[in-house]
Amino acid sequence: DMKFTRLVLIFIVLFCAGWVDAVWDFEFTETEPLDAAIAIKNGSVEFQTLYNRLIPYVTDTEGTDASVWTVFGDNGISVKSLVAVLSYFVLGGKSHTANAQQRINALQAASLYLLLLGIPGSVVNKVFHQILFDTCLNTVSHCWPQSSVKKRKKDPLKSSQGDGKRSKPHRKDNDRDNDEMEIDEDEEQEEEVHLSPQDLLKMREGVVLLVKSVLHLLLKFPLKDEPLSAENCVQMFAKLTDFEPVIGELTFGARQSVYSLPQLAYYGLWLLCSPSHGDEKGVSRVFHRILYVILMMDKRDSGQPSLMMPTQAVLAARDQAVHFVCHIVDELKEPALPVLRILLQHICFRMVDKTDYRMHGAQAVARLLTKMPCAGYASFIKWLFDYSRHAKVTYRMFALDIAMVLLEQPEREGDENLAPELVSFLPHKFLVHNMVFGRRSDTSPTVRGHALTCLAQCLELPSMNATRCVKELFSTSESHRHTFTETTPTAITGLLKHNVIMLSEVTLAVLSERTRDPALSVKKKALQCLMDLLASHPESNMVQKAWLRGVVPAMVDTESSVQEKALECLEQTILSQVKSHSSYSYRDAHQTLTWDLLGLLCNDCQDLSRYFSRAFTVWSKQNKFTEAFINNLISHTEAEHAAGAWLLLSKVASSCPLFDYGKILDAWDDLVRLVWVRHFTEKYLGYYYSTISMDIMTWLKIFDMPLEVISASVETLCRLGKAETIVDTQKFLNEHCGELVSLCEVYLSGVILNENGAENLNEDLVVKHLYTLGVVSLHCPSKVGKRIVILVQSVLTSNVDVHTGMGTKLAGSQPLTQFKPSSMPSTVRAHAVVTLGKFCLQHEELTRKYLPAFARELEMCRELAVRSNVVVVMCDLCMRYTNMVDRYVPNVSACLRDKEPLIRKQTLTMLTNLLQEEFVKWKGSLFFRFVTALVDPDPSIASLCEYCLVHQLLKKNPVMFSQHFIECIFHFNSYEKHNTYNKFPQTDRAKFSLKGAQNKEKRFRIYRFLLENFTDAQRFNITIKICQNILACFVDGELLLDADGAAVLGETFGILSLKEIKLSALSGAAGLGGDEPQEDEQMAMAKAVMEVAQKKAISQVQKKVFIESMIPIIIHLKSILEQKRSPVLKDLMGYLQLTMQDYRGEVKEFFAADEQLAAELEYNLKMYEKELETEAQMAHGSIGGEASSGGLPVSPRPSYPRGLEFRKYYSCYPIPVSVVID
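Residues numbered from 1 in each chain as written. Predicted model: local features only at pLDDT ≥ 70, side-chain atom pairs only at ≥ 80, totals over all residues. Heavy atoms only, no water.

## Let's talk about the overall build of the chain
Test applied: By definition, any uninterrupted DSSP run of H or I lasting at least four residues is a helix, any uninterrupted run of E lasting at least two residues is a strand, and each is numbered from the N terminus. Burial classification: accessible surface area is computed with a 1.4 Å probe over protein chains only, and a residue below 20% of its type maximum counts as buried, one above 50% as exposed, and the rest as partly exposed. Should any heavy atoms of two residues lie within 4.5 Å, those residues are considered in contact. Surface exposure here means Shrake-Rupley accessible area, sampled with a 1.4 Å probe, where a residue is shielded only by the protein chains that are shown.
Of the regular secondary structure elements, the chain holds 60 helices and two strands. Per-residue burial for the chain yields a buried fraction of 50% across its 1222 residues. Contacts spanning at least 24 positions in sequence make up 72% of the contacts within the chain whose residues lie at least 6 apart. For the chain, the computed accessible surface area is about 58100 Å², with 52% contributed by carbon and sulfur atoms.

What follows is the structure, given as structure tokens:
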């Protein structure tokens, strides 16, 4: 064919043999430039024409017996020259600066070369060359513009795997400037290359042509013996699977007429899975590349894969990849199953710690598992169970996600081929009980919370099996129910909604507390869960209270987003449901719930009022309080919901001072609550001023109102009496409040002076008179005379002459109740204490007189209410008369050991407030008394003490713990022989003593708590101070090794052996908390390098201090203890053995001055290591059956020993030195 021959000659004319040989010699990596050596007149037309002429030779449809190689030979066409010419065009398109025509020529030239390889006889004619073949396959990556991909790589989402590149070392400024110039030049050059839509369309046609050429090659040329070529083909096809969107559903297998590149790519991958290209190896090769598509990662030619944004296109490509794998398994059956299992395992081990990726990955695993037979499915579930106990938090989280998706699928049923030991892995019960519920006790709080949340979500699944399995767990064990009192809000809500656990105040209180969790996400989730729970149980009084105590305080949260969420909940549940009384119906569950909540705010939850007011402040700025809203509230003021209506009106009045309240004031005579009145000002009261004042006074004189209303009434009265001058204001207060003082004096005189008054008294009325007297006395101190003071005192004791006011002078050292046993009820005496305290607030001489009596009252009085109020009064007086009350702080702190939990908790709270405001200092034994609350028998008090110390007081004084730590050792052991420490007065020392072996656990609980909240610098310094101030004192003889001294010394070694005193940078605590999200691998590597360097530096410093300061003292102490045959020697050896674990190979160097001690340590360390090895073998043996059957082996996790565990080696193995040395 002369036309075909001329077409070929166009490409090789004028080529000299030397140029061709040079191209082959350079292995097609570069070519010499050509000077008009080739002419292509019509662009890429010649390439396309030649391609069409060669196709019949590939498909055997030429109709002639002559092969193309014969045609080339007969016409003197050199195949070697033709390949060199094609390589010239291919290499010309690799450059980033190549223009559109060069790129199109490169794609078409590569297609021609790959087509030649597919023609029979290409091997004999030596057409194949590995490097040129790989270059042609990579032509798509080189020629297709990568700008869009680069922009995607700059997305802030980074892979937890990282890109594997190390950071470059610093270079000189000149080099850096040169590099920046080069980069700028490259960017400018890249910007010069402009590709029009027409160019891109032609290039796409070139890509399609190249892919078809590869497909022709795969049909004719088996790659079973060419693994590298097969891998490159797989890599090319994998990149093309998401090259462009696919319209409709992809079909795999047979070739299609459509030219969708992803479909052609999957067809190529399908061919590479055929036996002619490698059997299982071919499938494994393809699945390995598909793995990254499923994981939504971009696998570059070199380095680690990076995450891709989960866009719609990426998710579609992932679904297509999963569908393709399922198709391959359906086609190949048994041979593909082992590779499928490996693929599933790789998905699990390459999963990243990102919620979206875990969710999509779990869906992919579950879908692929549907292609596994029962035996394979059960075997994988067994492996997954082992995987769920892996050390990495991400793996344990992902195992839970997979289990949840599998629970959505129908339950598998076993067949005759299933081994008996695998039957238990098929039911949903195994997933629920073992994989989900089994993680409830995980070491990571993140995994624990996720597991319990998943367990609650099981109840929402359509599978009845999963629901039944969850209910079985809680119907069989009460302890399982207790587990959920410390779990996530979602878990608690799910179990309560489905009645798996019963509603209880304890559980609901936990849910309410979650709204104050330190984590922002937990707080917002808890608020939403409370809304869901209220919607499912709107009639439950317990749920309503829990909702109020969770949502209302969130209005003052530090996070604005939490405040907004709480405001949304309040508006949705309360504000938006206020309708007029005529529109109210008890059948309307929403309105009924609203008024029930308002009723609780008026009664059981009054303490939430100040938080509730915050919502009205925000709503007033949003103009939520319209005239219609006010009218609706007024319509309820005379109905059954009057209390709630007046509560809302009071909040509206306080937040909207410009609102017209004429309608409310017109109805004043019908009001039954007046809390809201105190928010009005004179501007809006007008002529109602005197009327309201008279009404309030009338009600106060009756003494028939509740105590909280009395307080609000007096406050309102004071606001009404506020004038322009202080003199006029005080005149009003003296007139009205003085009148009330006189009435109270008259009534109390009648009760106290009457011989039978105490027998026939009305307790409630006396309490109201005392309470009113205390409240009004604060506003008119001049009206409080000596007689009324003595009357109040007489409520506590009768040994006074009330008539003359000249009774026996009160001894400062005696309590009020010790003059004569009072016949008054406990409640009356408790209110008398409060009233007397209010008198003292206004009169300093009264404070000086009664303060000693209050202090003695704390010691002598046996009545809970009286002692409780005395604590409150003394703490209030401390704020007013700080210097005067300071000497009585020990009397108050002694209440931390009161027999009543209420008083202990109240004292702890009030002392914390005084310490925060610096009315009280950490003087004397106050700190040691305070921290004893950490071991209070009531867990709630111990927990409160931890919170007060860490979150309130330690932030104000960060060195508080370290300053008092050494003295704690002497104080809690009641050791008084040190020249400096524990020199406090003996008052109440026995009450706070923790001396003795029976209290050792309590003492160490305090030590551990204090050390946990040390900084590394404080831990380092306290170790040195312990050595200097305690150990050195025993060496120098300042402290004697008697019974008390031995107890202190033994305890000191025990403290030095605690893991909490070890530096966190050396103990690895920061690296073991598996709750941190995974980082980019490059960042993780840099962080690891920094940690290693920091650890090494700190270790060297600590080692130097240990050698210079500790070892000489330890050696001297050991000698002294051996001479005295002291049992403390065991504690010393235990500390040394634990410490020397970090310096295992340097024992002899450290203790060169005491060879016997070094030998004993060496021997004991060896014995300890042997025991650890034995325990590890035993632990491994207990799971060996699972691991031997293909499961993932789980490493045993022996607990790290403390000093007490080490001591047994010294006591059990007293080996002579000679034996050890030999």
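After presenting the structure, the write-up continues.
## Details of the layout of surface pockets
To keep things clear, this is the line we draw: Throughout, the protein atoms alone are placed on a 1 Å grid, and a set of points is a cavity if a 1.4 Å probe fits but cannot get out or a pocket if it is open with protein on both sides within 12 Å along at least five of seven lines; lining residues have an atom within 4 Å of a point. Grid points are joined across faces, edges and corners, and a volume is the space filled by probe spheres set on the points. Three classes are used: nonpolar for Ala, Val, Leu, Ile, Met, Phe, Trp, Tyr, Cys and Pro, charged for Asp, Glu, Lys and Arg, and polar for all others, with Gly counted as polar.
A volume near 2300 Å³ is recorded for the second largest pocket. Around the second largest pocket, the lining comprises 47 residues; the ones closest to its centre are S512, E513, R516, L944 and Y947. If you list the elements that add at least two residues to the lining of the second largest pocket, you get α25 (505-513), α27 (541-551), α30 (609-621), α45 (901-916) and α47 (939-953). It is α47 that provides the largest number of residues to the lining of the second largest pocket, a total of nine residues. Across the lining of the second largest pocket, the residue classes break down as 17 nonpolar, 14 polar and 16 charged.

## Overview of the pattern of salt bridges
Stated precisely, the cut-off is as follows: Here a salt bridge means any side-chain nitrogen of Lys or Arg lying within 4 Å of a carboxyl oxygen belonging to Asp or Glu.
A complete count under the given rule lists 33 salt bridges for this structure. A salt bridge links D607 to R549, with the nearest nitrogen and oxygen atoms 2.9 Å apart. Of the two residues, D607 sits in the loop between α29 (589-602) and α30 while R549 sits in helix α27, which places them 58 residues apart along the sequence. Its relative accessible area of 30% is what places R549 among the partly exposed residues. Here R867 ties to D898 by a salt bridge, and the two come within 2.9 Å at their closest N and O atoms. Here D898 lies in the loop between α44 (889-893) and α45 and R867 lies in helix α42 (residues 864-880), a separation of 31 residues in the sequence. Assessed through its relative accessible area of 12%, D898 is described here as buried. Several salt bridges share partner residues, and in doing so they unite E231, R285 and R289 into one network.

## A look at the packing of helix α48 (residues 960-972) against helix α50 (residues 1016-1036)
Note the threshold: Fitted lines through C-alpha atoms serve as axes, helices being fitted only where they are in contact, and the angles separating the N-to-C directions of these axes extend from 0 to 180 degrees. Relative orientations are named as follows: roughly parallel for angles under 35 degrees, roughly antiparallel for angles over 145 degrees, roughly perpendicular for angles from 65 to 115 degrees, and oblique for any other angle. In this scheme the crossing of two helices becomes right-handed for a clockwise turn of the near helix relative to the far one and left-handed for an anticlockwise turn of less than a right angle.
The N-to-C vectors of α48 and α50 enclose an angle of 40 degrees; their axes lie 10 Å apart at closest approach. The angle between the axes of α48 and α50 places the two elements in the oblique class. Relative to α50, α48 is oriented so that their crossing is right-handed. Where α48 approaches α50, its residues S962, F965, I966, I969 and F970 are matched on the opposing element by Q1018, I1022, K1025, I1026, N1029 and I1030. For the contact of α48 with α50, the per-class residue count stands at seven nonpolar, three polar and one charged.

## Considerations on the side chain of K651
Considering the arrangement of structural elements, one finds K651 in helix α32 (residues 642-655). Look past the residues within four positions of K651 in its chain and what remains in contact with it is S609, F612, S613 and F616.

## What about the nonpolar core?
Cut-off, in case you're wondering: Side-chain atoms within 4.5 Å are what join buried Ala, Val, Leu, Ile, Met, Phe, Trp, Tyr and Cys residues into a set we call a nonpolar core.
If you look at the biggest cluster of nonpolar residues, it comprises 210 residues, and the most contacted ones within it are Y113, F237, I347, L384, W547, L570 and F612. Those residues within four positions of W547 in sequence are excluded, and the remaining contacts are L530, M531, L534, V552, C569, L570, T573, I574 and L597. Counting 139 residues, the second largest nonpolar core, distinct from the first, contains V767, V892, F928 and Y1007.

## A look at the state of the cysteines
Covalent bonding between the sulfur atoms of two cysteines defines a disulfide. Formally: Put simply, a disulfide is two cysteine sulfurs that come within 2.5 Å.
Tallied over the entire structure, the rule returns zero disulfides. Between C458, a cysteine without a disulfide, and C454, which holds the nearest cysteine sulfur, the sulfur-to-sulfur distance is 7.0 Å. By relative accessible area, C458 is classed as buried at 0%. With no disulfide of its own, C878 has C875 as its nearest cysteine by sulfur position, at a separation of 6.9 Å. Taking relative accessible area as the criterion, C878 reaches 1% and is therefore assigned buried.

## A word on helix α18 (residues 374-387)
Stated precisely, the cut-off is as follows: Working rule for helices: expected span equals 1.5 Å times residues minus one.
Taking 1.5 Å per residue as the helical rise, α18 with its 14 residues ought to reach 20 Å, and the 19 Å between its terminal C-alpha atoms agrees with that figure. The buried count for α18 comes to 12 of 14 residues, which makes it a mostly enclosed element. Within the sequence span of α18, burial applies to C374, G376, Y377, A378, F380, I381, K382, W383, L384, F385, D386 and Y387.

## Things to note about the packing of aromatic side chains
Condition: Only Phe, Tyr and Trp rings take part, Trp by its six-membered ring, and two of them pair if their centres are within 6.5 Å. Stacked means planes under 30 degrees apart, edge-to-face means over 60, and tilted covers everything else.
All chains considered together, the criterion is met by 29 aromatic pairs. Judged by centre distance (5.4 Å) and plane angle (80 degrees), the ring pair of F1004 and Y1007 falls under edge-to-face. Here F1004 pairs with Y1007, and both are found in helix α49 (residues 1000-1012), just three residues apart, close to one helical turn. A single burial state applies to F1004 and to Y1007, both of which are buried. Grouping aromatic residues by their ring pairs yields a cluster made of W922, F927, F928, F930, F961, F972 and F1009.

## Some words on unusual backbone geometry
One non-glycine residue, N623, adopts positive backbone phi at about 55 degrees. Looking at the element boundaries, N623 is found in the loop between α30 and α31 (627-634).

## Quick word on the side chain of Q544
Mapped onto the fold, Q544 is located in helix α27. Residues contacting Q544, with those up to four places away along its chain left out, are L534, P538, E539, L593, D596, L597 and L600.

## Here we look at the confidence of the model for the chain
What counts here: pLDDT is a per-residue confidence score from the predictor, ranging from 0 to 100.
Here the chain averages 77 in pLDDT, and 75% of its residues register 70 or above. Here residues 148-191 scores under 50 on pLDDT; set against residues more than four positions off or in separate chains, the count is 51 contacts. Low pLDDT, under 50, characterises residues 817-821; the predicted model gives this stretch 12 contacts beyond four residues in sequence or across chains.

## Considerations on the packing of helix α16 (residues 337-349) against α18
Direction vectors running N to C along α16 and α18 enclose 20 degrees, while the axes themselves pass 11 Å from each other. With respect to their mutual orientation, α16 and α18 come out roughly parallel. For the crossing formed where α16 meets α18, the hand is right-handed. Judged by residue contacts, R341, L344, Q345, C348 and F349 of α16 engage G376, S379, F380, W383, L384 and Y387 from α18. The class makeup of the residues in the contact of α16 with α18 is seven nonpolar, three polar and one charged.

## So, the environment of E472
Assignment of secondary structure puts E472 in helix α22 (residues 464-476). In the structure, E472 is positioned 43 residues away from K429 in sequence and 9.7 Å away in space, judged by C-alpha atoms. In this view, E472 contacts K429 and H433; residues no more than four positions away in its chain are not counted.

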